[in-house]
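Examining the three-dimensional arrangement
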Amino acid sequence: MRHIYLYRRSLPRLMEVVYWPLLDLLVWGFITVYLAQYRENLPGFVTFFIGALILWDILFRSHQGISVSFLEDVWAKNLLNLFASPLSYTEYIFSLMLVSVVKLVTVATIMAVLAWILYSFNIFLIGISLIPFVLNLIVMGWAIGIITTALILRFGQEAEVLAWALGFLFMPVSAVFYPVSVLPLFLKTLARFVPASHVFEGMRGVLSSGVFPLEELLWSSGLNAVYILAAFLFFRWNFVVVKRKGLLVRIGE
Amino acid sequence: MRESVVAVEGLTKVFKSLRAVDNVSFSIFPGEILGLLGPNGAGKTTIIHVLLGLTTPTSGNIQIFGLDLNKRRADIVQDVNFSSSYVSMPNSLTVKESLKVFARLYNIKNREKKIQELLEAFEIADIKDKLVRHLSSGQQSRLNLAKALINDPKVLFLDEPTASLDPDIADKTRTLLKSIKKERNISVLYTSHNMKEMEEMSDRIIFLHKGQIIAEGKPKEVIHRFGRANLEEVFLKVAREEVA
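Residues numbered from 1 in each chain as written. Chains lettered and ligands numbered in written order. Predicted model: local features only at pLDDT ≥ 70, side-chain atom pairs only at ≥ 80, totals over all residues.

1. Some details on the interface of chain B and chain A
Counting from both sides, the interface comprises 20 residues of chain B and, opposite them, 18 residues of chain A. Grouping the amino acids of the side of chain B that touches chain A by side-chain chemistry returns 13 nonpolar, six polar and one charged. (Contact = placed C-beta atoms within 7 Å. Nonpolar A, V, L, I, M, F, W, Y, C, P; charged D, E, K, R; others polar.)

2. Regarding the environment of B:Gly211
All names here are of chain B. Positionally, glycine 211 belongs in the loop between β9 (204–209) and β10 (212–217). The exposure class assigned to glycine 211 is buried, which follows from the 23 C-beta atoms found within 10 Å. Sequence separation between glycine 211 and lysine 13 is 198 residues; the distance between their C-alpha atoms is 8.7 Å. The contacts of glycine 211, once residues within four sequence positions are left out, are Arg19, Ala20, Val21, Asp22, Ala42 and Gly43. (Helix = DSSP H or I, 4+ residues; strand = E, 2+ residues; numbered from the N terminus. Buried ≥ 20, exposed ≤ 12 C-beta atoms within 10 Å, placed from the backbone.)

3. With respect to the sheet that holds β9(B)
Residues and elements named next belong to chain B. Spatial ordering of the open sheet is given by β6-β7-β8-β3-β9-β10, a layout of six strands whose pairing is mixed. Since the sheet does not close on itself, it has two edges, and those belong to β6 (80–84) and β10, each with one partner. Direction aside, neighbouring strands of the sheet carry axes that sit 15° apart on average. Sheet topology note: the β9/β10 ladder contains five bridges and is antiparallel. From the neighbouring strand, leucine 208 faces β10, where its bridge partner is isoleucine 213. (Pairing = 2+ DSSP bridges. Axes fitted to C-alpha atoms, helices over the stretch in contact; angles between N-to-C directions.)

4. Focus on the nonpolar core
Within the largest apolar cluster, 131 residues are counted, with the highest numbers of intra-cluster contacts made by A:Leu55, A:Ile58, A:Leu137, A:Ala143, A:Ile146 and B:Ala146. With 15 residues, the top contributor of residues to this core is helix α6 (residues 130–155) of chain A. Discounting chain neighbours no more than four positions away, the residues touching A:Ile146 are A:Ile66, A:Ile93, A:Ala231, A:Phe232 and A:Phe235. (Core = buried A, V, L, I, M, F, W, Y, C linked by C-beta atoms within 7 Å.)

5. Description of unusual backbone geometry
Excluding glycine, most residues fall at negative phi; most peptide bonds, likewise, are trans. Residues and elements named next belong to chain B. Although it is not a glycine, asparagine 107 sits at a positive phi angle of roughly 55°. Tracing the backbone shows asparagine 107 in the loop between α3 (95–105) and α4 (111–121). By the C-beta count within 10 Å, which is 11 here, asparagine 107 ends up exposed. Here glutamate 160, not a glycine, exhibits a phi torsion of approximately 50°, which is positive. Secondary-structure assignment places glutamate 160 in the loop between β7 (155–159) and α6 (167–184).

Written out as structure tokens, the structure reads:
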């Protein structure tokens, strides 16, 4: 009964109940559709899948590098000490971005090495084009991380689950493991406005044709510029609101 | 006429239907310890949060060092610090690492020397390599106070700084704070539920009740005004809402 009361009052907790099953259904469902179309070419999928997995993890770690690092300050009850100091919220966000870069460089290196040892897969086969695409994934991860942080500030610790979950919301429309073409029309339209979908489509393009997908890169970079700006503006607006509502001190204590 | 370092005028903070702070005005002068007293929910902590710029006031004007807090917060906080028994230091760092982090945040020169001084002053030099999460609450409070003095603040906000200290360390902390205040002419806004401590520490007190100032003056004056023997009795009278 306690849990019923809890879930009735908490939208983030309620979301969690349907969130993971829905995402699993979408992601693996579309993969199945894709595999069913190209059964005879299955070995090529290993390259796609492992590469996609590593690149998705870069986005996810970039997101977590911000949101989980922020949560660590919340859990340590150290947030007030930080925001009472000369540190501005902009400096704080930039420092979290830096932390995320350190974390994801470590994770990406480990994954790349493991992929090479276990599957003889060399991520750098994708070539020099990998660098701008990886940078785009990092920026998108930052944008999601900043938005997550703003939401946790606003809705408190019950929104903590978003620190892990919000990134996955973009997964079905990011064309990580399957191309955008397998999506239904409305999700296809949505995917066009997700920077990561252009990164993964671009990566598939490089692997299948060897041609540098400039158009995908430009789309991804342009969308990311909008995403990161929107994330900063959202955080700034939210920071003003949480200070007015006295929420900053509640989450910090 | 003495010039105040903190000047608060008509401060009001409303949270939905709750008037947490209601048209409060006061000043803190150089080298003065101003005690904020009142029952839970009187608005003491909200005032400190507003003065730190962590909560935006609904209305009112706050000047610190003659600068408008609303416009010049970044300049002001360089010379301000705070300690609260409800706020911790990063728990996965060691004592010394935590102080290093804050020394950098406040851009302190001679960091090592400053940290060593504080470690010794608060008797935590022997635990400098211990993780914060492994400290006792008393040790954590002393670390918080050390952090509060890392930038040699001119104004210090202390929210129940001795709440979890044993009588010995609490007494040492009070003595240390008084000597720091005397040596550096530091101004302190102090809250505590320990009325004896408030009498001992405060040059002046402000008694808050439901967000409003109901008495202000030297501790003895306030005690006399309420016709009680000490601040403890005044507090009980106020807390039990005998005040009209």
